[in-house]
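Architecture at a glance
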Amino acid sequence: SARSARGERLVSCSSGMPKVLSIEDLVARVRDGDTAKKVAAAETLGNRAADGSDAAIVQAGGIRPLVDLARNGSGMGKQSAAYALAQISVGGFLSNIFEAGGIRPLVELAR
């Protein structure tokens with residue numbers, strides 16, 4: 001799939017030109033998308049967190065859907081969610097991940 005220069009996942013819009021999904025759109029895809037969309041959105045959120053958008057992801061309500069994906073997703077979904085949560089935790093949001101019940105699924109994935 002197409003990526004921007006910053007590694008963001010691009011999606012074709014009606015004009016055929018790719019657009020960058022907003023953090024809110026990515027969070028919605030993690031929460032409500034099919035398996036492939038959840039995986040791709042979680043991976044992109046991890047990249048965005050690594051680029052400094054971790055606070056915006058937390059503000060958009062992204063932690064709980066990522067924790068749910070880490071707990072109940074496909075193998076790739078769990079891995080992508082773990083990556084995103086790890087990047088968010090680096091930014092100082094580990095307590096938010098803990099409060100959302102995210103530590104247990106991450107420990108289980110590490111085993």
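See the structure printed just above.
Here the structure is a predicted model, which is why all the values come from computation and not from measurement.

This part takes up the overall build of the protein chain. A count of helical and extended segments in the protein chain gives five helices and two strands. Each helix and strand of the protein chain, ordered N terminal to C terminal, gives the series β-β-α-α-α-α-α. Here the protein chain holds 111 residues, and the buried ones make up 39% of them. If you take every contact in the protein chain between residues at least 6 apart in sequence, the share linking residues at least 24 apart comes to 54%. Of the accessible surface of the protein chain, which amounts to about 6,000 Å², a share of 51% is contributed by carbon and sulfur atoms.

Our focus in this paragraph is helix α1 (residues 23-32). Along α1, the residues classified as buried are Ile23, Leu26, Val27 and Val30. The buried side chains of α1 occupy one side of the element, clustering within an arc of 100 degrees when seen end-on. Across α1 from its buried face, at more than 90 degrees, point the exposed residues Glu24 and Asp32. As for α1, its buried residues are in contact with α2 (35-59) and α3 (63-72).

Taken as a whole, this structure holds two salt bridges when the rule is applied. Two residues, aspartate 32 and arginine 31, come together in a salt bridge whose shortest N-O distance is 3.3 Å. According to the relative accessible area criterion, aspartate 32 is exposed, its value standing at 58%. Accessibility expressed as a relative area gives 46% for arginine 31, which makes it partly exposed. When the shortest N-O distance is used, the salt bridge between aspartate 68 and arginine 71 registers 3.6 Å. Of this pair, aspartate 68 and arginine 71 both sit in helix α3, three residues apart, which is roughly one turn of that helix. Among the residues examined, aspartate 68 registers a relative accessible area of 34% and is labelled partly exposed.

On to a nonpolar patch on the surface. On the surface, Leu94, Phe98, Ile103 and Val107 cluster together to form a nonpolar patch covering roughly 360 Å² of accessible area. At the level of secondary structure, the elements contributing two or more residues to the nonpolar patch comprise α4 (75-99) and α5 (103-110). Residue position: valine 107 is located in helix α5.

Calculation notes
- Residues numbered from 1 in each chain as written.
- Predicted model: local features only at pLDDT ≥ 70, side-chain atom pairs only at ≥ 80, totals over all residues.
- Heavy atoms only, no water.
- Helix = DSSP H or I, 4+ residues; strand = E, 2+ residues; numbered from the N terminus.
- Buried < 20%, exposed > 50% of the residue type's maximum accessible area, 1.4 Å probe, protein only.
- Contact = heavy atoms within 4.5 Å.
- Areas by Shrake-Rupley, 256 points an atom, 1.4 Å probe, with all protein chains shown as cover.
- Arc of directions from axis to C-beta.
- Salt bridge = Lys/Arg side-chain N within 4 Å of Asp/Glu carboxyl O.
- Patch = residues over 30% accessible without salt bridge, like charges linked within 9 Å, V, L, I, M, F, W, Y side chains within 5 Å.

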